[in-house]
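Single-letter residue listing:
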Amino acid sequence: MGFAVTFISGDGIGAEVIPAAQQVLEALRLPVDIQHAEAGFATFEQRGSALPDDTLRLCENSSAVLFGATQSPMAKVAGYNSPILQLRRHFDLYANLRPARRGDIDMLIVRENTEGLYSHREHVSEDGRTAIAERVITEKASRRIVQTACEMAMKRRRKLTIVHKANVLKETCGLFREAAFDVVNQFPDLTVDEMLVDSCAMRLVMTPEGFDVLVTTNLFGDILSDLAAGLTGGLGLAPSANVGTGVPVFEPVHGSAPDIAGHGIADPRATILSLGLLLNHLGFVEQATRITEAAYHTEHTGNTAQTTQAIIRALG
Ligand code: IPM
Ligand code: MN
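Residues numbered from 1 in each chain as written. Chains lettered and ligands numbered in written order. Predicted model: local features only at pLDDT ≥ 70, side-chain atom pairs only at ≥ 80, totals over all residues. Heavy atoms only, no water.

### Digging into the packing of aromatic side chains
- Tallied over the full model, the rule gives four aromatic pairs.
- Look at Phe41 and Tyr80: their rings are 4.9 Å apart centre to centre, the planes differ by 70°, and that puts the pair in the edge-to-face class. One end of the pair, Phe41, is in helix 2 (residues 41–47); the other, Tyr80, is in the loop between strand 3 (64–69) and helix 4 (83–90), with 39 residues separating them in the sequence.
- Geometrically, the ring pair formed by Phe44 and Tyr80 is edge-to-face, given 5.3 Å between the ring centres and 70° between the ring planes. Placement of Phe44 in helix 2 and of Tyr80 in the loop between strand 3 and helix 4 is noted, with a sequence separation of 36 residues between them. (Phe/Tyr/Trp six-rings, centres within 6.5 Å; stacked < 30°, edge-to-face > 60°. Helix = DSSP H or I, 4+ residues; strand = E, 2+ residues; numbered from the N terminus.)

Okay, here's the thing in structure tokens:
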């Protein structure tokens, strides 16, 4: 019996990078069946939902999802909910794993993926002059994300950095920090340190080789993972895995890039690296390593099809 995997192109360059990943997967001839599903802003405009029920059913009946990109409007659009945020929530994908590699830099950002400032608890006062966002931090979510980070670090260089801002956010970050230090006690073989998020941002730029695994709350992880991507070749090389309770979702960190969509120039490597994370998750470890090495060692020529072919040749 093979695996069923759902591919969702989504918006913009998603329609170019997902087929590229499909070609790479097909070249490996693995027992994996690909099914395609729709989601994204264009789907919302056509069908009134960014993540229609039939898409959700297909995802539920698969072993993993590879997601391209979705356009996220800067301003509120009535009825629109980002499909990627919906998927994370629907499947309780509480860990967002974001590796960044280049030369001596080899780090993994473990971002909490369900709460913090992404709790959808924003209010505006009646006169419209005050807006408030609630930052929800729970002990349960903090413990499980730190547990995941510790397990990851044990398989790597055994170094963990806990990132927070507990000097200012005494309650929310304070709770996260306390939970984190309690969990790391169960991992005596780890070297653990902590950093305030601002100082972490500076250190990431100055001495990125010093980091192994970082664990942090949702928005800090969102921002620091873009920073890490910028240090290691840009968003073209930044993959991610959303894992947790339900069907895992793998996606490039980049967005739909409407400015370059449709020209055949998008860099497919972040999606191909995300496919590598997906295959590793399904247990195809050897093939995942081959894809990962091929993608990291291939330059993007500026042409999606050419880069994809070069990666397929580099698979050996
Ligand atoms: C990411 C993206 C998403 C996020 C957006 C598109 C909702 O920036 O995956 O990092 O903020 O999580
Ligand atoms: Mn982001």
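### Things to note about the layout of surface pockets
- Taken as a whole, the largest pocket spans an internal volume of roughly 1400 Å³.
- Lining the largest pocket are 40 residues, with Ser72, Pro73, Ser82, Leu85 and Tyr118 positioned closest to its centre.
- Of all the secondary structure elements, the ones that give two or more residues to the lining of the largest pocket are strand 3, helix 4, helix 8 (218–231) and strand 12 (249–252).
- Take the lining of the largest pocket: its biggest share by element is five residues, from helix 4.
- Tallied by class, residues from the lining of the largest pocket come to 17 nonpolar, twelve polar and eleven charged.
- If you count residues domain by domain, the lining of the largest pocket takes at least three from each of domain 1 (1–93 + 245–316) and domain 2 (96–237).
- The volume enclosed by the second largest pocket comes to roughly 790 Å³.
- Forming the walls of the second largest pocket are 26 residues, and the residues nearest its centre are Pro99, Met152, Arg156, Leu277 and Asn280.
- The set of elements that each furnish at least two residues to the lining of the second largest pocket consists of strand 4 (95–102), strand 5 (105–112), helix 5 (139–154), strand 11 (239–243), helix 9 (269–282) and helix 10 (285–296).
- At six residues, helix 10 tops the list of elements feeding residues into the lining of the second largest pocket.
- In terms of residue class, the lining of the second largest pocket is built from 13 nonpolar, seven polar and six charged.
- Lining the lining of the second largest pocket are residues from two domains, each supplying at least three of them: domain 1 (1–93 + 245–316) and domain 2 (96–237). (1 Å grid on protein atoms, 1.4 Å probe; cavity = no way out; pocket = protein on both sides within 12 Å on 5 of 7 lines; lining within 4 Å. Points joined across faces, edges and corners; volume = space filled by probe spheres on them. Nonpolar A, V, L, I, M, F, W, Y, C, P; charged D, E, K, R; others polar. Domains from an automatic or database assignment.)

### Side note on empty space enclosed by the protein
- Summed over all chains, the structure comprises one cavity of 30 Å³ or more.
- Looking at the largest cavity, its volume works out to about 40 Å³.
- Taken together, Arg98, Pro99, Ala100, Ser225, Ala228, Ala229, Ala238, Pro239 and Val253 make up the full set of residues lining the largest cavity.
- Counting only elements with at least two residues in the lining of the largest cavity, the list comes to strand 4 and helix 8.

### What about the domain arrangement of the protein?
- By domain assignment, the protein separates into domain 1 (1–93 + 245–316) and domain 2 (96–237).
- Just the C-alpha atoms count here: the centres of domain 1 and domain 2 sit 24 Å apart.
- Contacts between the two partners involve 18 residues from domain 1, matched on the other side by 15 residues from domain 2.
- Summing both partners gives a buried area of about 1400 Å² for domain 1 against domain 2, and 51% of it is carried by carbon and sulfur.
- Among the residues domain 1 hides against domain 2, the three largest losses belong to Arg88, Val253 and Tyr296. Together they make up 39% of the total.
- Seen at the junction of domain 1 and domain 2, the total is two salt bridges.
- The tally of links between domain 1 and domain 2 comes to four residue pairs in polar contact (both at pLDDT 80 or more).
- Listed by contribution, the elements that provide at least two residues to the side of domain 1 that touches domain 2 are helix 4, helix 9 and helix 10. (Contact = heavy atoms within 4.5 Å. Buried area = accessible area lost by both parts, 1.4 Å probe. Salt bridge = Lys/Arg side-chain N within 4 Å of Asp/Glu carboxyl O. Polar contact = N/O pair within 3.5 Å; in protein donor to acceptor, adjacent residues only side chain to side chain.)

### Section: the pattern of salt bridges
- Evaluated as defined, the whole model comprises 18 salt bridges.
- A salt bridge links Arg269 to Asp267; the shortest N-O distance between them is 2.8 Å. A single burial state applies to Arg269 and to Asp267, both of which are buried.
- Each of Asp106, Arg156, Arg157 and Asp212 takes part in one network of salt bridges that share partners. (Buried < 20%, exposed > 50% of the residue type's maximum accessible area, 1.4 Å probe, protein only.)

### Some thoughts on the site of ligand 1
- If you check the shell around ligand 1, you find Ser72, Leu85, Arg88, Arg98, Arg111, Tyr118 and Asp222 and nothing else.
- Here an oxygen atom of ligand 1 sits 2.8 Å away from a polar atom, N or O, in the side chain of Arg111.
- Between ligand 1 and Tyr118, the relevant distance is 2.6 Å, taken from an oxygen atom to a side-chain nitrogen or oxygen of the residue.
- Contact with the protein chains covers 78% of the free accessible surface of ligand 1, which is 320 Å².
- Looking at the shell around ligand 1 residue by residue, the class counts come to two nonpolar, one polar and four charged.
- Each of domain 1 (1–93 + 245–316) and domain 2 (96–237) gives at least three residues to the shell around ligand 1. (Near = heavy atom within 4 Å. Areas by Shrake-Rupley, 256 points an atom, 1.4 Å probe, with all protein chains shown as cover.)

### A word on the packing of helix 7 (residues 197–206) against helix 8
- Interhelical geometry of helix 7 versus helix 8 gives an angle of 10° and a closest axis separation of 10 Å. Here helix 7 is positioned roughly parallel relative to helix 8, judged by the angle of their axes. Contact residues: helix 7 offers Val197, Cys200, Ala201, Leu204 and Val205, while helix 8 offers Phe220, Leu224, Leu227 and Leu231. (Axes fitted to C-alpha atoms, helices over the stretch in contact; angles between N-to-C directions. Parallel < 35°, antiparallel > 145°, perpendicular 65-115°, else oblique.)

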